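# Examining the three-dimensional arrangement
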Amino acid sequence: MTRNLIKSAAAVLVAFACAGCSGNKGTGVVLLPEEAFVKTVDGMYTGLYTISNDNGMTLQLTNYGARIVALWVPSADGGFKDVVWGYDSIDAYLNASDKYSGPVVGRYGNRINDGRFTLDGKEYRLTVNENGNQLHGGAGGFSAKVWNAEQFTDEDGNQAVRMTWLSEDGEEGYPGNLKISVTYTITSENELVLDYEASTDKPTVLNPTSHVYYNLHGTSAKSTDTHLMTIYADSFTPTDAELIPTGEIAPVEGTPMDFRTSTAIGARIETPDFEPLKLGKGYDHNWVLDKTSDGTHSGTWIAAELFEPETGIIMKIYTDQPGLQFYAGQGMDGKEVGKRGEIHNVRSGIALETQNFPDAPNHEDFPSAVLRPGETYTQHSVYAFSLK
Ligand code: G6D
């Protein structure tokens, strides 16, 4: 009797010891330890939240920026790959030069020209943080906030984390007290689901998105140039030199922007004398989605598909948003050190952001980004993983 008691006590201790440990289950999965993300930032508690499904797909999030820090998905070799570039501690994220590794960005993802827009005859002046424009909601935008986090199991038995934030009237220059929630769910079908919901007490504009650097090799040591990309879009929105849309909606036909058939990211990214790629120094554009459904994921259309032959990993993106920003990571500095000691190499992670069009508040013929009192903003986007 005593021996059993001792054995069971030891088992409990080991279990507790491993609760936050990075135990490698023989599948290659090495989870980040919770203690590396515990800190008080702006008087708020930051932490690490880990959810998974019975297949072993595992998502790790920090509430600093409502941010994805790791996403382990099955690979063809029978193990798992962490397909997200990121850092291994809250301090590294706080000190990172690239503030947009994994967070929800907003109130307005991507850019607003000249940091201003007019709504109902009133001009609003936003904070500016890039060339006199506002990028990703400003330096104090959603990615810089410590959100409230609640981990739970949903009615389908899926593990989820709901992040909530109250963006007060005037935050980064935006009108209205805006309540926003982003719920991350891992389904039994190996899908990462993002559900956004927001309301406001004054007319405002809103375009939140998830700004994650994906690499289906599972390491930043290998470039995403080998990934085969499909983007279900006949057109894109060209920009000026500051990456502000000109207002034109241009056909992809016959250009390096045409991803209607699966094409390696690196195949045309350095095409000389193609103005949009010269201005973006690579792909950093919004595609106008065709809104064609593949008969799955009701209420959404398929936006893109990414496949890496080396790992066999496929990522399909479904959304109810009109645009997709594809940024190929040409701005990565090749210096910063992230998880597993990996370097933030150029083009070692790509952002695929489901969104309204950049600068829509200043383009009447772009989809409206206006949210009014009594309305509910929703966005449903799915990153579905499978193997070929
Ligand atoms: C660059 O232009 C790109 C953006 O699209 C990206 O979000 C940012 O780097 C991180 O400014």
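Coordinates for the structure precede this section.
The sections below set out a description of the structure shown in this document. (Residues numbered from 1 in each chain as written. Predicted model: local features only at pLDDT ≥ 70, side-chain atom pairs only at ≥ 80, totals over all residues. Heavy atoms only, no water.)

### What about empty space enclosed by the protein?
Inclusion rule: Of the grid points, spaced at 1 Å and generated over the protein atoms alone, those admitting a 1.4 Å probe that cannot get out make up cavities, while open sets with protein on both sides within 12 Å along at least five of seven lines make up pockets; any residue with an atom within 4 Å of a point is treated as lining. Grid points are joined across faces, edges and corners, and a volume is the space filled by probe spheres set on the points. The classification used treats Ala, Val, Leu, Ile, Met, Phe, Trp, Tyr, Cys and Pro as nonpolar, Asp, Glu, Lys and Arg as charged, and all other residues, Gly among them, as polar. The secondary structure listing takes helices from DSSP runs of H or I that are at least 4 residues long and strands from runs of E that are at least 2 residues long, numbered from the N terminus.
Scanning the model with the defined rule gives 2 cavities of 30 Å³ or more in all. Its boundaries defined by the atoms lining it, the largest cavity holds a volume of some 60 Å³. Lining the largest cavity we find 13 residues, and of these Val84, Trp85, Ser220, Arg340 and Glu342 sit closest to its centre. Split into classes, the residues belonging to the lining of the largest cavity amount to 3 nonpolar, 6 polar and 4 charged. Here the second largest cavity is characterised by a volume of approximately 40 Å³. Counting residues per element, the lining of the second largest cavity draws most heavily on strand β23 (residues 284–289), which supplies 3 residues.

### Describing the layout of surface pockets
Empty space within the largest pocket amounts to approximately 500 Å³. Here the lining of the largest pocket is composed, by residue class, of 8 nonpolar, 10 polar and 9 charged. When its volume is computed, the second largest pocket comes out at roughly 210 Å³. Lining the second largest pocket are 13 residues, and of these Asp154, Glu155, Asp156, Thr185 and Asp195 lie nearest its centre. Those elements that provide at least two residues to the lining of the second largest pocket are β14 (178–186) and β15 (191–200). Of the residues in the lining of the second largest pocket, the class split is 2 nonpolar, 5 polar and 6 charged.

Just geometry here; none of it tells us what the structure is for.
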